[in-house]
Amino acid sequence: MRHFGHLADDVRSRLFHEQPVAFDRDSGADVLATALGATLYSPATRPTLARDIRRQAARGVISMVLCLEDAIADHEVDDAEHNLVAQLTELAGPEDQDAAAELPLLFVRVRFPEQITDLARRLGPALRLLSGFVVPKFTEDSGRPFLEALTRAEEAGGQRLFVMPVLESPELAHLESRREQLFGVARLLDKHRERVLAVRLGVTDLCSAYGLRRSPDLTAYDVSLVAQVIGDVVNVLGRADGTGFTVTGPVWEYFPLQERMFKPQLRRTPFAEATPPADRVRQRLIEHDLDGLIREIELDRANGLLGKTCIHPSHVAAVHALSVVTHEELCDARDILQQHRGGGGVSRSAYTNKMNEAKPHRAWAERVLLRAEVFGVARAEASFAELLSACVS
């Protein structure tokens, strides 16, 4: 699989200075954690789940979570488990068929530890389609049984399985217990480092501890209680000194209404073809209510987060387009690392608009080059609007 692999070769050649590289489920954890991108959640109750997964893969989705937790009602759990097993078994096909190669990275969000081992047993050969499990409301105490169950499932299935803990518990939201919780989680995850792919943030649950819900005009960073939690999570779990983990961005819970997406008056406007492509894309963003999402993605990156939880396919293109490394970023990153190898120092950037300081900027540069490998590097003249337009056209 590769990001933007669903685009035609000539489109990728026009947009990319360096194209994204291919990877698979056996790639290194650092590559897979970066490659998660827009992780699309889907309720495990969907009767067309297998078809949905194939369709989303064809549209450029690289990672999906099949949810047995908050996305379904309590009384639906048994039916959802049965549906999940049946749909993944259908996707797997014959045992000698490498069906997983054509699918996104798949994870199952469970409710309790026993679901991990039970589902692994029930899936049988279809377990090979899964890259791991997502654990909700993760704390030091609640997380340990999930990690132990994951170890047993790995041993029984004979394959590598990752965990993605979701930090969303009231203990994390509350100031008096947050410090203890974060350092406890850090200790636990460090013991199982080889199994932890990424740490996810459950901002909706964090808001619920205070009866809050942000509007589509506000980002998570405009809600000061949530912004403080995000900052503390990155402070403890997102460090660039080798002790940290990839921390993914919070869910954007608003999605476009069909009647707004397809307004007849917009389709019939005489100016539609005369409008420059970038302006048409900007209009589409406003029309699809994606302008708030884009602001939040930019703030995610500024605050040390990578990738994003998504609950609607329309969000995926924006997350991936904004994950592409710009030509300017690539030049800066390579210059910084070359300087660092030479002993350090400061130099003016190739674009002559900033200072590049080798030692303090080194960790940033290394992350940029890993992102460039996975998402590619845009041509100097290719804008975000053009990348997004290619993905949604």
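Scroll up to find the structure.
Below is a summary of the structure that appears in this document.

Some details on helix H17 (residues 358-375)
Between the first and last C-alpha of H17 there are 24 Å, a value that for 18 residues agrees with the 26 Å anticipated at 1.5 Å per step. At Trp364, H17 shows its largest kink, close to 30 degrees. For H17, the complete set of buried residues consists of Ala358, Ala365, Val368, Arg371, Ala372, Val374 and Phe375. A positive backbone phi angle near 85 degrees is found at Gly376, which sits one or two residues after H17.

Comments concerning the nonpolar core
Core analysis: the biggest nonpolar cluster contains 110 residues, and Leu88 and Leu237 have the highest contact counts within it. Leaving out residues up to four positions away in the same chain, Leu88 has contacts with Ile53, Leu66, Leu106, Leu123, Ala126, Leu129 and Leu130. By size, the runner-up hydrophobic cluster in this structure holds nine residues, among which are Leu330, Ala333, Ile336 and Leu337.

Looking at unusual backbone geometry
Unusually for a residue other than glycine, Lys137 sits at a positive phi of about 50 degrees. Relative to the helices and strands, Lys137 is located in the loop between strand S5 (130-135) and helix H6 (140-157). For Lys137, a relative accessible area of 31% corresponds to the partly exposed category.

Comments concerning helix H14 (residues 291-302)
With 12 residues, H14 should cover 16 Å at 1.5 Å per step; its first-to-last C-alpha distance of 17 Å lies within 8% of that length. Of all the residues in H14, the buried ones are Gly292, Leu293, Ile294, Glu296, Ile297 and Asp300. One or two residues past the end of H14 sits Gly304, with phi positive at roughly 90 degrees.

Looking at the packing of H6 against helix H8 (residues 175-191)
Interaxial distance between H6 and H8 falls to 9 Å at its minimum, and their mutual angle equals 20 degrees. With respect to each other, H6 and H8 are oriented roughly parallel. The chirality of how H6 crosses H8 is right-handed. Contact with H6, carried on its side by Glu140, Gly143, Arg144 and Leu147, involves Gln181, Gly184, Val185, Arg187 and Leu188 of H8 and no other residues of that element.

Remarks on the sheet that holds strand S2 (residues 38-43)
The parallel open sheet is built from eight strands, whose spatial order is S7-S6-S5-S4-S3-S2-S9-S8. The sheet is open, and its two borders are formed by strand S7 (200-201) and strand S8 (249-252), each paired with just one other strand. Two elements, strand S4 (residues 105-109) and S5, share four bridges in a ladder whose sense is parallel. Bridge pairing links Arg109 to Val134 in S5.

A few points about the pairing of strand S6 (residues 162-167)
Two faces belong to every sheet, and in a regular strand the side chains alternate between them. Of all six residues that make up S6, six are buried, and the element is covered over most of its length. Alternating positions in S6 separate into two faces, Phe162, Met164 and Val166 on one and Val163, Pro165 and Leu167 on the other, with burial throughout. In terms of strand pairing, S5 meets S6 through four bridges, oriented parallel. Considered in S6, the bridge of Gly132 is made with Phe162.

Conventions adopted
Residues numbered from 1 in each chain as written. Predicted model: local features only at pLDDT ≥ 70, side-chain atom pairs only at ≥ 80, totals over all residues. Heavy atoms only, no water. Helix = DSSP H or I, 4+ residues; strand = E, 2+ residues; numbered from the N terminus. Expected span 1.5 Å × (residues − 1). Bend = angle between axes of the 7 residues up to and from the residue. Buried < 20%, exposed > 50% of the residue type's maximum accessible area, 1.4 Å probe, protein only. Core = buried A, V, L, I, M, F, W, Y, C linked by side-chain atoms within 4.5 Å. Contact = heavy atoms within 4.5 Å. Axes fitted to C-alpha atoms, helices over the stretch in contact; angles between N-to-C directions. Parallel < 35°, antiparallel > 145°, perpendicular 65-115°, else oblique. Left-handed = near helix turned anticlockwise from the far one by under 90°. Pairing = 2+ DSSP bridges.

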